[in-house]
Amino acid sequence: MIRYSRVIGTGGYLPAEVRTNDQISQTVDTSDSWIYERTGIKSRRIAGPDESAASMAEIAARQAIDAAQINPEEIDLIIVATGTPDRIYPSTGCLLQQRLGIKNTVAFDVQAACSGSIFALSIADQYIKSGAVRTVLVVGSEICSRIVDWTDRSTCILFGDGAGAILLRASEETGVLSTHIHSDGEYEDLLYCPNPQVAIDANKHEAGYISMRGNEVFKVAVNTLGRIVDETLEANNMDKADIDWLVPHQANIRIIIATAKKLKMSMDQVVVTLENQGNTSSASVLIAFNEAVRDGRIQRGQVVLLEAFGAGFTWGSALIKY
Ligand code: COA
């Protein structure tokens, strides 16, 4: 008997405040047309002062629990992907466990920057396939607006806040077909966010903001995502034409178009949310997946390729027969 991790519920949350390109143009030297042409982004959501990665994770998680019609007590494992945890510890996973009011569950965080949800999905799938657990809640939740330097036009235009969730359960019916995750720690300088309280160089006095060499990140991202697509198809003995939907990490529309081209997919088969959300880091893939499930684009039985790329660098994919 093959044991799959089947998707039994999804959820998502976006904070209420919308920050448009025009609003950003009032504080830094940029314009709506520059941002939209280079990135595909028009606006992003910004969390309110009382919101956090844990509070947004709870809303997305409860939606997924409702969709799956399960009792939260049935969750064996909670994995939260975040680069913006409420606290260094306890983990956001533990804070979410407390918010959901469940006791007999293991909870922890995964930190793989924008690839976090794919890494978390991969871990969840291994735990389910091994038979160690039955039901896993995976959440990506990010409050990027708090680690963005709003005076740096090269980064503040890109990011947004939000959370996405997915519930997986062991099943004989199809689900996750394979996951593939990778890291290469050589690229620290191209994209990083310092932790000023735990400085590695006391003389550097870095603020806790995202620092990025966007142009170089762009090139590595396009090449790397092309390779992960091939790896995923080969591992499943599948052809490009077998994929019904691409759910990419939402960093830049030009990176997404390049990956779709590589797959010979029409943009009608690609789930794009970044225009009004920006890059929500580890939350983006799960938010997009949830949206396309809820609006009926992704149907049971269809093959969906999720992929992401992030600081580290980290990158990965998950092929799901939904
Ligand atoms: N508005 C106007 N001009 C801007 C700007 C902005 N918001 N940000 C940068 N510029 C300027 C630069 O200062 C530079 O000016 P110069 O030529 O006078 O030095 C010029 O635009 C070109 O900068 P560059 O960084 O080469 O632009 P780009 O075409 O690479 O676009 C990004 C910048 C950030 C949009 C693009 O590199 C990108 O999206 N990279 C990927 C980033 C990413 O996805 N990161 C997350 C990975 S998970």
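Please read all numbers here as calculations on a predicted model, not as lab measurements.

**Topic: the state of the cysteines**
1) Next: Summed over all chains, the structure comprises zero disulfides.
2) Next: With no disulfide of its own, C193 lies closest to C144 among cysteine sulfurs, the gap being 9.5 Å.

**Focus: the domain arrangement of the protein**
1) Next: Here the domain parsing of the protein yields domain 1 (4–173) and domain 2 (177–321).
2) Next: Between domain 1 and domain 2, the C-alpha centre-to-centre distance is 14 Å.
3) Next: Contact residues are listed per partner, giving 59 residues for domain 1 and 48 residues for domain 2.
4) Next: When domain 1 packs against domain 2, the two sides together hide about 3,900 Å² of surface, and 62% of this comes from carbon and sulfur.
5) Next: On the domain 1 side of the contact with domain 2, C114, I118 and F119 bury the most area, a combined 16% of that side's loss.
6) Next: In this assembly, domain 1 and domain 2 are joined by zero salt bridges.
7) Next: Where domain 1 touches domain 2, the interface holds 22 residue pairs in polar contact (both at pLDDT 80 or more).
8) Next: Breaking the side of domain 1 that touches domain 2 down by element, the ones donating at least two residues are β1 (4–13), α2 (32–39), β3 (43–46), α3 (53–68), α5 (116–129), β6 (135–143) and β7 (161–171).
9) Next: Among the elements that line the side of domain 1 that touches domain 2, the one with the most residues is α5, at nine residues.
10) Next: Split into classes, the residues belonging to the side of domain 1 that touches domain 2 amount to 26 nonpolar, 20 polar and 13 charged.

The rules behind each value
Residues numbered from 1 in each chain as written. Predicted model: local features only at pLDDT ≥ 70, side-chain atom pairs only at ≥ 80, totals over all residues. Heavy atoms only, no water. Disulfide = S-S within 2.5 Å. Domains from an automatic or database assignment. Contact = heavy atoms within 4.5 Å. Buried area = accessible area lost by both parts, 1.4 Å probe. Salt bridge = Lys/Arg side-chain N within 4 Å of Asp/Glu carboxyl O. Polar contact = N/O pair within 3.5 Å; in protein donor to acceptor, adjacent residues only side chain to side chain. Helix = DSSP H or I, 4+ residues; strand = E, 2+ residues; numbered from the N terminus. Nonpolar A, V, L, I, M, F, W, Y, C, P; charged D, E, K, R; others polar.

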